[in-house]
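Fold and geometry: a report
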Amino acid sequence: KLRIMKKIYLTLIAFSLINISNAQSWIQQDNQTLNKINTIGFTQNNMTGWTFGDSTIGLNFQHGAIYKTTNQGFSWSQQNMGSDSIQIMDCHVFSNSEVIGVGKFQTTGDGAIIKTVNGGLTWNIDTTSIPDRVFDVEFESSSDGWIVGRNGYVGKSIDGGDNWTSQTSGTGEDLFAISFSSLTNGWAVGADGGTGGEILHTVDGGITWNLQSTTSTGDLTGVFAINSDSAYIVGQSGLILFTSDAGVNWSTQTSGSTSDLSDVEFANGLEGRAVGLGGLVLMTIDAGTNWSIEVSNTTNDISDVFYGANGVNWYCGDNGDVYIYTLVAPNSIEENLSVVSKVYPNPAIDYIQIETSMSNSSEIKIYNLTGRLVFQTNWNKTSMIDISEYNPGMYFYVLKSENTLSSGKFVKK
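Residues numbered from 1 in each chain as written. Predicted model: local features only at pLDDT ≥ 70, side-chain atom pairs only at ≥ 80, totals over all residues. Heavy atoms only, no water.

For the chain, the helix and strand inventory stands at two helices and 35 strands. Within the chain, buried positions represent 55% of all 413 residues. As displayed, the chain offers around 17700 Å² of accessible surface, 48% of which is attributable to carbon and sulfur atoms. (Helix = DSSP H or I, 4+ residues; strand = E, 2+ residues; numbered from the N terminus. Buried < 20%, exposed > 50% of the residue type's maximum accessible area, 1.4 Å probe, protein only. Areas by Shrake-Rupley, 256 points an atom, 1.4 Å probe, with all protein chains shown as cover.)

So, about the side chain of Asp263. When you line up the elements, Asp263 lands in strand 22 (residues 261-266). The side chain of Asp263 sits in the buried core without any salt bridge; Arg273 is the nearest counter-charge, 11 Å away. A distance of 3.0 Å separates a polar side-chain atom of Asp263 from the backbone nitrogen of Val305. Here Asp263 is in contact with Val234, Arg273, Ala274, Val275, Ser303, Asp304 and Val305, once residues within four sequence places are set aside. (Lys, Arg positive; Asp, Glu negative; His and termini not counted. Salt bridge = Lys/Arg side-chain N within 4 Å of Asp/Glu carboxyl O. Polar contact = N/O pair within 3.5 Å; in protein donor to acceptor, adjacent residues only side chain to side chain. Contact = heavy atoms within 4.5 Å.)

Within the open sheet, the four strands sit side by side as 22-23-24-25. Their pairing is antiparallel. In the strand order of this sheet, the two ends are held by strand 22 and strand 25 (292-293), each with one partner. Both strand 22 and strand 23 (residues 272-276) contribute to a ladder of five bridges, which runs antiparallel. Across the sheet, the residue bridging to Val264 is Ala274, located in strand 23. (Pairing = 2+ DSSP bridges.)

Per-chain confidence: the chain averages 86 in pLDDT, with 87% of residues scoring 70 or above. Confidence drops under a pLDDT of 50 for residues 1-22, and excluding neighbours within four residues, the segment shows 23 contacts in the predicted structure. The model gives residues 328-338 a pLDDT under 50, and that stretch makes 28 contacts with residues more than four places away or in other chains. (pLDDT = per-residue confidence, 0-100.)

Strand order in the open sheet formed by four strands is 10-11-12-13, and the pairing between neighbours is antiparallel. A single partner strand is all that each edge strand has here, and the edge strands are strand 10 (134-139) and strand 13 (165-167). Taking each pair of neighbouring strands and ignoring which way they run, the sheet shows an average axis angle of 25 degrees. Where strand 12 (residues 154-157) meets strand 13, three bridges bridge the pair, whose relative direction is antiparallel. Considered in strand 13, the bridge of Val154 is made with Gln167. (Axes fitted to C-alpha atoms, helices over the stretch in contact; angles between N-to-C directions.)

Put simply, the second largest pocket is a space of about 350 Å³. Contributing to the lining of the second largest pocket are 20 residues, with Asn310, Asn368, Asn391, Pro392 and Tyr395 lying nearest its centre. The element contributing the most residues to the lining of the second largest pocket is strand 34 (residues 393-400), with three residues. Considering only residue class, the lining of the second largest pocket consists of nine nonpolar, nine polar and two charged. (1 Å grid on protein atoms, 1.4 Å probe; cavity = no way out; pocket = protein on both sides within 12 Å on 5 of 7 lines; lining within 4 Å. Points joined across faces, edges and corners; volume = space filled by probe spheres on them. Nonpolar A, V, L, I, M, F, W, Y, C, P; charged D, E, K, R; others polar.)

Rendered as structure tokens:
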């Protein structure tokens, strides 16, 4: 009797997690590969996205692999860029059909840029514009963008990445990241040239770049521009720098970690994340006054973090890692579930039916990807649930009867 009561008690505690409005966590997605994923990007509606990573040929040679999703990462399919010698390091997703990726030719080390205008059915490869490998790309409009790379290279495009012209950066150090807050204001950061990591700033769209000073040591690997005055930089040994005066002064924020950081991104002026080695995810909700270490659910190195709309985020990294930040409760209670359920059709358009061994009478709750309750009612095995008015995306359901729980997820096309 005691064991039964304990089981019921733990089950009800697990179910109560569903009522915590911000109960979210990092959940792994199946990206169809165990090789490193360098970068990830999604469209504005969080539905269609791409990852770019490595594929191994022989023992040492690697080339870029492309994976696409049209359902928020619920499933991925591989695409063919038309070359076996390009490694993509960063990407920008313009729309469902237009995407650009930047990196290098493995055979020569020269810069490589690929672009699709038909959703990845075919990719155009730029073999002429870029003199050296490219590490990062940033677009502030559908036409205006910048890239950075080896030996201080900065490139500018005014036609959506079809053509690139070099800008004078004033440095010969490698530049690893670039970020603009407008068409004119931006920062680029890079390698430690012996006097601290490289920081460049422009207020005229890159016509001129000015070197800014910092006392930091080690490479600077990520940057995010909030506005013309404020920006964040991350680097080696857990370094986080912040400026509120356009880079006249850079102050160090306490990250709470000594692991190397690879990327930083903000949703607004307060909420942001930085990611790095060993599965490190740092989060702030007060503009970096405090950074906390999140449970990332991986120990693999993280390469890139992407802020989608409505609080949905992704990161990617080693061993094929792709994780989405979303509602945790239906997944966290799985080990306490008494019954199994499944939903069909899945993906669905208008209606879903849930099949379960649970007793006929239950309560059902449906949550969207951000954890908001979108549907709640009494349910029985013969009930069809109308989802025709739901926005496209992934949803979670939880069934509850007197002493049992069951949960699952489905995709609305």
